Amino acid sequence: MDVILVSVIILCVCGLLAGVGLSVASKIFSIKVDPRISSLEKILPGANCSGCGFPSCFAYARAMVEDHIEPNLCVMGADRISEIGKVLGIDAEGKERLVAAIRCGGGQNSAKQYDYSGIPSCQAICFFDGGDSKCEFSCLGFGDCVSVCPFGAVTRDGRNAPVVDSQLCVGCGRCVEECPKDIIVLVPESARPLPACKTHEKGKFVKSICPVGCIKCRICIRECPEDAIAMVDDIIQVDYEKCTKCGICIEKCPRNIILDRWLERKHP
Amino acid sequence: MEHLFVIFITVFLVNNFVLAKFLGLCPFLGVSKSLGSAKSMGIAVTFVMTIASVVTWCVNRFLLVPYHVSYLKTIVFILVIATLVQLVELFIAKVSPTLQRVLGIYLPLITTNCAVLGVCILNVQEEFGFIESVVHGFSAGLGFTLAICMMAGIRERLEFARVPAAMQGFPISLIVGGLMALSFFGFQGFFAH
């Protein structure tokens, strides 16, 4: 009987001490958290993509409240940014949303230089002569960009080429960093023409290895009424600030490599 | 001093808590998907094990032994460790937000980890003194960190490997854990005189 009594008493005392100790400690060590931080955290997407330069959405929310960091660093929509402005009591304007775009229409179209059966990853295949494609600037189709996307915005179509869902993409740029071929770029959401080839090679060579490669004919540059297209480092670049979205370059391109993002058109 | 070193090596390698005593397998498999989180988990476990060794040694020496209730040690230690971890968490949140961010969610997760309880019970069973208990707890935590970090490193590589569908995920991880335990078995008899 004694044994049971002593055990029960000792345990009760321990439990009581622990309980009282904890409740006292929670009073002593209580920290005040600014309620604005948690309401900002609810507005932020919560994906911790670190596109804003802070390690997590919570860190960014705290920086906005405590250090008065600008509220438009997050790449989410303008409506949400004005919501943040309301919480903070300041005027906040969103920038135009950037979304990822794949600057390669070839991918599986371009000729192969060998058969690969190793680790299914773009990074891995790049160790072997820069990939199995004869084109040095071709999408390798293993979808490193798909697995790195924290928002599930990149998927692969039937030909293993990555497809970006502009609705889901927030432009954090993870895929841009991940792509070993450097063929993913961020473009403004409303942008229309997308030159889907990044090859530096000469036209003749491109023609021999890929049906949808840029052959440097410069027709788009000549036809553009706004001078918005230029050849920068041997690649067609569209200046989206000058572009009026007329779509002439899309029509004129003889190889159909300038895609119309408004149509989200697929390659032949 | 030599004695303490022997304790360190014994718990760190020879009798590694995860790979030889098979304690704390839950976080070992649960939090070893990426090296970063494995490292945080390891630090948190080391931290808690060291502090738990200190506190439970005191509880045992000044409460359980004088009242002749050593048979209560398991349940009392569980209570003490759980309370202690909560207390430490509150304290850290107040004093060092940086440390809190490093330990993160892992600190409360290990409140009832069997490896932590195992350290404390072994301290009593082996009749360790105060310093010995602390060294024992600390090195057990380091051993856990070593095991979980190795596991995480291997599992990150496994992501790229072509594993048969039936073996993907936990099955292959368990096999990897088994092979690691087997190789750590090679340390057995290191200090047998």
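Note that the coordinates shown come from a computational prediction; the quantities given were computed from them, not determined experimentally.

Structural notes on the overall build of chain B
Alright, step 1. A count of helical and extended segments in chain B gives nine helices and zero strands.
Alright, step 2. When the helices and strands of chain B are read in sequence order from the N terminus, they spell out α-α-α-α-α-α-α-α-α.
Alright, step 3. Here chain B, with 193 residues, has 37% of them falling under the buried criterion.
Alright, step 4. Excluding contacts between residues fewer than 6 apart, the proportion of contacts in chain B whose partners are at least 24 apart in sequence is 80%.

Things to note about the packing of helix 7 (residues 114–125) of chain B against helix 8 (residues 130–158) of chain B
All names here are of chain B.
Alright, step 1. For the pair helix 7 and helix 8, interaxial distance at closest approach is 10 Å and the crossing angle is 150 degrees. Classified by the interaxial angle, the pair formed by helix 7 and helix 8 is roughly antiparallel. Every pair of crossing elements has a handedness; the one defined by helix 7 and helix 8 is right-handed. Between helix 7, through Ala115, Val119 and Asn123, and helix 8, the contact on the second element is made entirely by Ser133, His136, Gly137, Ala140 and Phe144.
Alright, step 2. In terms of residue class, the contact of helix 7 with helix 8 is made up of four nonpolar, four polar and no charged.

Overview of the confidence of the model for chain B
Residues and elements named next belong to chain B.
Alright, step 1. Model confidence for chain B is summarised by a mean pLDDT of 87, while 98% of its residues fall at 70 or above.
Alright, step 2. Here helix 5 (residues 97–103) stands out as the element of chain B with the lowest mean pLDDT, 73, in contrast to helix 8, whose mean of 93 is the highest.
Alright, step 3. For this predicted complex, the interface confidence score (ipTM) comes to 0.70, while the overall pTM stands at 0.60.

Details of the interface of chain A and chain B
Alright, step 1. In this assembly, 16 residues from chain A lie in contact with 14 residues from chain B.
Alright, step 2. Here the side of chain A that touches chain B gets eleven residues from one element, more than from any other, and that element is helix 1 (residues 2–28) of chain A.
Alright, step 3. For the side of chain A that touches chain B, the residue count by class is eleven nonpolar, five polar and no charged.

Observations concerning unusual backbone geometry
With glycine set apart, most residues show a phi of negative sign, and most peptide bonds adopt trans.
Residue and element names in this part refer to chain A.
Alright, step 1. The backbone phi angle of Asp227 is positive, close to 60 degrees, even though this residue is not glycine.
Alright, step 2. Within the secondary structure, Asp227 sits in the loop between helix 9 (219–223) and strand 6 (229–232).
Alright, step 3. Of note, Lys245 is a non-glycine position whose phi angle comes to about 65 degrees, a positive value.
Alright, step 4. Inspection of the secondary structure assignment puts Lys245 in the loop between strand 7 (235–238) and helix 10 (248–252).
Alright, step 5. We classify Lys245 as partly exposed; it has 15 C-beta atoms within 10 Å.

Rules used throughout
Residues numbered from 1 in each chain as written. Chains lettered and ligands numbered in written order. Predicted model: local features only at pLDDT ≥ 70, side-chain atom pairs only at ≥ 80, totals over all residues. Helix = DSSP H or I, 4+ residues; strand = E, 2+ residues; numbered from the N terminus. Buried ≥ 20, exposed ≤ 12 C-beta atoms within 10 Å, placed from the backbone. Contact = placed C-beta atoms within 7 Å. Axes fitted to C-alpha atoms, helices over the stretch in contact; angles between N-to-C directions. Parallel < 35°, antiparallel > 145°, perpendicular 65-115°, else oblique. Left-handed = near helix turned anticlockwise from the far one by under 90°. Nonpolar A, V, L, I, M, F, W, Y, C, P; charged D, E, K, R; others polar. pLDDT = per-residue confidence, 0-100.

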